Structures are given as structure tokens and as C-alpha cells.
Amino acid sequence: VQLQAYGGGLVQAGGSLRLSCAASGRTFSTYGMGWFRQAPGSEREVVAVISRSGSNTYYTDSVKGRFTISRDNAKNTAYLQMNSLKPEDTAVYFCALYNSGYHDIERNPSKYVRWGQGTQVTISS
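Nothing here was measured: the structure is a model prediction, and the numbers come from that model.

### Let's talk about the environment of Ser24
Here's step 1: Along the chain, Ser24 falls in the loop between strand E3 (17-23) and strand E4 (32-38).
Here's step 2: Sequence spacing of Ser24 and Leu3 is 21 residues, and the spatial spacing of their C-alpha atoms is 6.5 Å.
Here's step 3: With residues up to four places along the chain from it excluded, the contact list for Ser24 reads Val1 and Gln2.

Structure, rendered in C-alpha cells:
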């Protein structure tokens, strides 16, 4: 499975972006999926995670209420809807896949087995 993340860009604070992560192959539905971000000089951090089933999600505290993760297994695509964006959301955003139980959530990046190339999100104040 290969991943391609896209949808990043430059927006003003308070604006919205929707990131997409398209997976090749037919096994996307067998993986859980997460979005991570990495700002310059910072470690990669988990932003949001969705289980294989789609029924369970996780959000880091700083994005709760503003970001929504979703997946469409029929389209082999996952999304991250980002609203009320803040300058501190500026980072390169990565999508990644992990093996897990059907409803499991994984927050540890070392457990992820496939990574996309990243898409830049820049929020101006």
C-alpha cells in the first residue's frame, strides 16, 4: 500500500482546509489510519487517529473540536477536516497506516507501517 497526502496550503487564521490521504491497493480497509504533523524543530506528533472500523477516533487535545478525521474505505481515502485553524497548526502533515484490531486506536508513530510523503500546512496570523 502506498499513501499520498494532499490538500495542504496557505490559509489565514480562522480558515479551513481538508487534507486527503489516498491509498493505493485494495487493503486500505484492513488498516487503522492516523494523521501526524511535524513543525520545524519539533518532534512528529499524532494529530488524529481513526480505527479500521471507523467507529473509534482519537484527537490530540490541541485540535479537539476543530479537526475531524474520517475515512471512506470504498474510495481508499481518509480525510482530515481542519477548521478554525491557528498559526500553531503550521506543520507538515503526514498520513500513515497501522495494523491493529478492528476498533483499536494507535497513537505511537513507531507502530505505523506505511507513511505518506507529507503535505505542508501554513497558517498566517
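### Some points on the packing of aromatic side chains
Here's step 1: The final tally for this structure, using the stated rule, is four aromatic pairs.
Here's step 2: Ring plane angle 50 degrees and centroid distance 4.9 Å describe the contact between Phe36 and Trp115, whose orientation is recorded as tilted. Residue Phe36 is located in strand E4, and its partner Trp115 is located in strand E10 (residues 112-115); the two are separated by 79 residues in the primary sequence.
Here's step 3: Trp115 sits in the partly exposed class, given a relative accessible area of 29%.
Here's step 4: Grouping aromatic residues by their ring pairs yields a cluster made of Phe36, Tyr98, Tyr112 and Trp115.
Here's step 5: Seen from the ring of Phe94, Arg44 lies directly overhead, with NZ or CZ sitting 3.9 Å from the centre.
Here's step 6: In this structure, Arg107 is placed above the aromatic ring of Tyr58, and the distance from its NZ or CZ to the ring centre is 4.9 Å.

### Brief notes about the environment of Gly34
Here's step 1: Within the fold, Gly34 resides in strand E4.
Here's step 2: Residue classification places Gly34 among the buried residues on the basis of a relative accessible area of 0%.
Here's step 3: Taking the C-alpha atoms as reference points, Gly34 and Tyr59, separated by 25 residues in sequence, lie 9.8 Å from one another.

### Considering the nonpolar core
Here's step 1: Among the nonpolar cores identified, the biggest contains 28 residues, and Met33, Trp35, Phe67, Leu80, Met82 and Tyr93 are the most heavily contacted of them.
Here's step 2: Among the secondary structure elements, those contributing two or more residues to this core are strand E1 (3-6), E3, E4, strand E5 (45-50), strand E7 (67-72), strand E8 (77-82), strand E9 (91-98) and strand E11 (119-124).
Here's step 3: Excluding anything up to four places from it in sequence, Tyr93 contacts Leu19, Trp35, Phe36, Arg37, Val47, Phe67, Leu80, Met82, Gly118, Thr119 and Val121.
Here's step 4: Of all hydrophobic cores here, the second largest spans six residues; its members include Val46, Val49, Ala96 and Tyr98.

Parameters and conventions
- Residues numbered from 1 in each chain as written.
- Predicted model: local features only at pLDDT ≥ 70, side-chain atom pairs only at ≥ 80, totals over all residues.
- Heavy atoms only, no water.
- Helix = DSSP H or I, 4+ residues; strand = E, 2+ residues; numbered from the N terminus.
- Contact = heavy atoms within 4.5 Å.
- Phe/Tyr/Trp six-rings, centres within 6.5 Å; stacked < 30°, edge-to-face > 60°.
- Buried < 20%, exposed > 50% of the residue type's maximum accessible area, 1.4 Å probe, protein only.
- Lys NZ or Arg CZ within 6 Å of the ring centre and 35° of its normal.
- Core = buried A, V, L, I, M, F, W, Y, C linked by side-chain atoms within 4.5 Å.

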